[in-house]
Amino acid sequence: PIYTVTSPVRRGSRFAVPAPGRYEVRVRRATEDSDDAKVIDSTYLTALRSIGEDAPVIEKGLALIAARIKASEQLNGMPDTINCIAESYLPVWDGAAWSWETSGNPAWVYCDLLRRRAGGTLIEDGRIDLDALGDWAGDCDAIAQDGHPMWRFDGVIEGGTLFEALRAVAGHGRASFGMRDGSFSVVRDVAQAVPIQHFTPRNAIGFRGIKTFTELPHALKVRFVNPDREWGQDERMVYADGFDETNATQFETLELFGCTDADLAWKHGRYHLAAGKLRPETYELSVDIDH
């Protein structure tokens, strides 16, 4: 079929040169002009660009992507945004040495935030509790009954403070920021084999306990990023014990930055519901520094 085109027709071509240097380029038409008045024979060479093999960015420690975009009438200048699916390439500690792996393990994301900054070192390894982070990483990588890793963090961190980023990442692995013997570590929400500290009237004063009686929600609307919906925001309803879609009337929203799995969203929701029900007490006391 023959189509009538009234807009300009653009064509592009690529060719290789034998070696870097200066070249004269000639464009030659291989056909004669048309006798049809409806055919416009004018041709314009709008751009001629050379591409070298040298690295365009000399800064070290950066992850780069390359894009080749076909020019069209919808493209004007440089594109404002480019979407891609990427995974972190992080240093992983095996107990003796570091190795680079693609990983979404919260422990290694947490450790990378502490160690690296713009190609340099932020905190030396000697000031990081690598043994505790290694144990935490193993538990995060453990496979749950549904076949998924126990805990993952898949978020793009932009802006904010380092402490806010550490707190967000640690929360995805049932942990929180903590210091141990002067080293950067985590406090994990797991049963301990031995007591960490004893508090008695001999070493503490001003002890008091507070118990709050809050009206707990019947369900949580857990918001997360769903890859099955083109990486858009999605919502998973997580009901408390004794409630479902027929009798739940009180709802609260839980934002899960860094969660991209509906099953993990459900687990986090159930955990927060249980913590709200079973941990209503807060204990306060004053102690001296033990060292």
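None of the values given here were measured: they were computed from a predicted structure.

A. Representation of the pattern of salt bridges in the model. Inspection of every chain in the model, using the stated rule, returns 14 salt bridges. For Asp112, the salt bridge identified is with Arg116, shortest N-O distance 2.4 Å. The residue Arg229 makes a salt bridge to Asp234 at a minimum N-O spacing of 3.4 Å. What you see here is one network of salt bridges that share partners, running through Glu87, Arg152 and Asp154.

B. Layout of the packing of helix α1 (residues 106-115) against helix α3 (residues 162-171). Interhelical geometry of α1 versus α3 gives an angle of 170° and a closest axis separation of 9 Å. Taken together, the axes of α1 and α3 are roughly antiparallel relative to one another. For the pair α1 and α3, the contacting residues are Pro106, Val109, Tyr110, Leu113 and Leu114 in the first and Leu162, Ala165, Leu166, Val169 and Ala170 in the second.

C. Structural context of the environment of Glu245. Mapping Glu245 onto the fold places it in the loop between β9 (232-239) and β10 (251-255). In the structure, Glu245 is positioned 55 residues away from Val190 in sequence and 32 Å away in space, judged by C-alpha atoms.

D. Inspection of the sheet that holds β9 at higher detail. Pairing in this open sheet of 3 strands is mixed, and the strands run β9-β8-β10 from one edge to the other. Strand pairing shows two members of the sheet lacking a second neighbour, β9 and β10, which therefore form its edges. Recorded for the sheet is a direction-independent mean angle of 30° between the axes of neighbouring strands. Examined bridge by bridge, strand β8 (residues 219-226) and β10 share 5 bridges and lie parallel to one another. Bridge pairing in β10 places Arg223 opposite Glu255. Helix α4 (residues 262-278) rests against β8, β9 and β10 of the sheet, and its axis sits at about 45° to β9.

E. Spotlight on the side chain of Asn105. By the secondary structure assignment, Asn105 is in the loop between β2 (98-102) and α1. Given the relative accessible area of 1%, Asn105 is considered buried. In this structure the side chain of Asn105 is engaged in a polar contact, spanning 3.0 Å, whose partner is the side chain of Asp141. Once you skip the residues sitting within four places of it in the chain, Asn105 turns out to touch Ala137, Cys140 and Asp141.

F. Structural detail: the pairing of strand β5 (residues 175-180). One ladder, built from 6 bridges, connects β5 with strand β6 (residues 183-188); its direction is antiparallel. Note that in β6 the partner of Ser176 across the bridge is Val187.

G. Molecular detail of the state of the cysteines. The tally for this structure, following the rule as stated, stands at 0 disulfides. Among the cysteines around Cys84, which has no disulfide bond, Cys259 carries the closest sulfur, lying 20 Å off. No disulfide involves Cys140; its sulfur sits 13 Å from that of Cys111, the nearest cysteine.

H. Structural view of α1. Counting buried positions along α1 gives 10 out of 10 residues, so the element sits mostly inside the fold. Residues of α1 that are buried: Pro106, Ala107, Trp108, Val109, Tyr110, Cys111, Asp112, Leu113, Leu114 and Arg115. The distance from a side-chain oxygen at the start of α1 to the backbone nitrogen of Ala107 is 2.9 Å, and the residue carrying that oxygen is Asn105.

Each value, and the rule that gives it
Residues numbered from 1 in each chain as written. Predicted model: local features only at pLDDT ≥ 70, side-chain atom pairs only at ≥ 80, totals over all residues. Heavy atoms only, no water. Salt bridge = Lys/Arg side-chain N within 4 Å of Asp/Glu carboxyl O. Axes fitted to C-alpha atoms, helices over the stretch in contact; angles between N-to-C directions. Helix = DSSP H or I, 4+ residues; strand = E, 2+ residues; numbered from the N terminus. Parallel < 35°, antiparallel > 145°, perpendicular 65-115°, else oblique. Contact = heavy atoms within 4.5 Å. Pairing = 2+ DSSP bridges. Buried < 20%, exposed > 50% of the residue type's maximum accessible area, 1.4 Å probe, protein only. Polar contact = N/O pair within 3.5 Å; in protein donor to acceptor, adjacent residues only side chain to side chain. Disulfide = S-S within 2.5 Å.

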